[in-house]
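Remarks on the overall topology
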Amino acid sequence: MKRSFPGQPAKAYFPTEYVGGKTGTTNDVKDMWFVGLTANYTTGVWIGRDKPSNLQSIYSHTPHVLIWKDISQTAE
């Protein structure tokens, strides 16, 4: 059965036994993170800068989710 996941969860999905996760950001979008899990692994990805500044320009591209997906697919 194919499921439909709108938004950021759709970008984290790949065919495997189990996949889930949660995104997060600070109110001023100076940090972004994604913690996700598969049946075998739990992984967290954080994106930010040494000197905090706004990341709004890349937020819609969800780099934190895509990095997690790349790591998780490789590990599986």
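Before any of the text, the structure's been laid out above.
A short tour of the structure in this document, coming up. Treat the numbers as computed from the prediction; the structure is a model and nothing was measured. (Residues numbered from 1 in each chain as written. Predicted model: local features only at pLDDT ≥ 70, side-chain atom pairs only at ≥ 80, totals over all residues. Heavy atoms only, no water.)

A look at the pattern of salt bridges
Following the criterion strictly, the structure yields one salt bridge and no others. Between K30 and D28 there is a salt bridge; the shortest N-O distance is 3.7 Å. D28 gets classed as partly exposed once you look at its relative accessible area, which sits at 38%. (Salt bridge = Lys/Arg side-chain N within 4 Å of Asp/Glu carboxyl O. Buried < 20%, exposed > 50% of the residue type's maximum accessible area, 1.4 Å probe, protein only.)

Remarks on helix α3 (residues 63–75)
Taking 1.5 Å of rise per residue, 13 residues should cover 18 Å, and α3 covers 18 Å from first to last C-alpha, within 8% of that figure. Within α3, burial applies to P63, H64, V65, W68 and S72. (Helix = DSSP H or I, 4+ residues; strand = E, 2+ residues; numbered from the N terminus. Expected span 1.5 Å × (residues − 1).)

So, the side chain of T62
Within the secondary structure, T62 sits in the loop between α2 (56–59) and α3. Under the relative-accessibility criterion, T62 is labelled buried at 2%. Here the side chain of T62 touches K11 through a polar contact of 3.5 Å, side chain to side chain. (Polar contact = N/O pair within 3.5 Å; in protein donor to acceptor, adjacent residues only side chain to side chain.)

Topic: the sheet that holds strand β2 (residues 31–38)
The strand order across the open sheet built from three strands is β1-β2-β3, with neighbouring strands paired in antiparallel fashion. With one partner strand each, in any of the chains shown, β1 (19–25) and β3 (42–48) form the two edges of the open sheet. Strand-to-strand twist across the sheet, computed as the mean angle between neighbouring axes with direction ignored, equals 10°. Looking at chain direction, β2 and β3 are connected through seven bridges and run antiparallel. Paired with W33 across the bridge in β3 is W46. (Pairing = 2+ DSSP bridges. Axes fitted to C-alpha atoms, helices over the stretch in contact; angles between N-to-C directions.)

Points about the nonpolar core
Grouped together as the largest cluster of nonpolar side chains are 10 residues: A12, F14, V29, M32, F34, V45, I47, L55, V65 and W68. Mapped by element, the contributors of at least two residues to this core are β2, β3 and α3. In contact with V45, not counting residues within four places along its chain, are M32, W33, F34, H64, I67, W68 and I71. (Core = buried A, V, L, I, M, F, W, Y, C linked by side-chain atoms within 4.5 Å. Contact = heavy atoms within 4.5 Å.)

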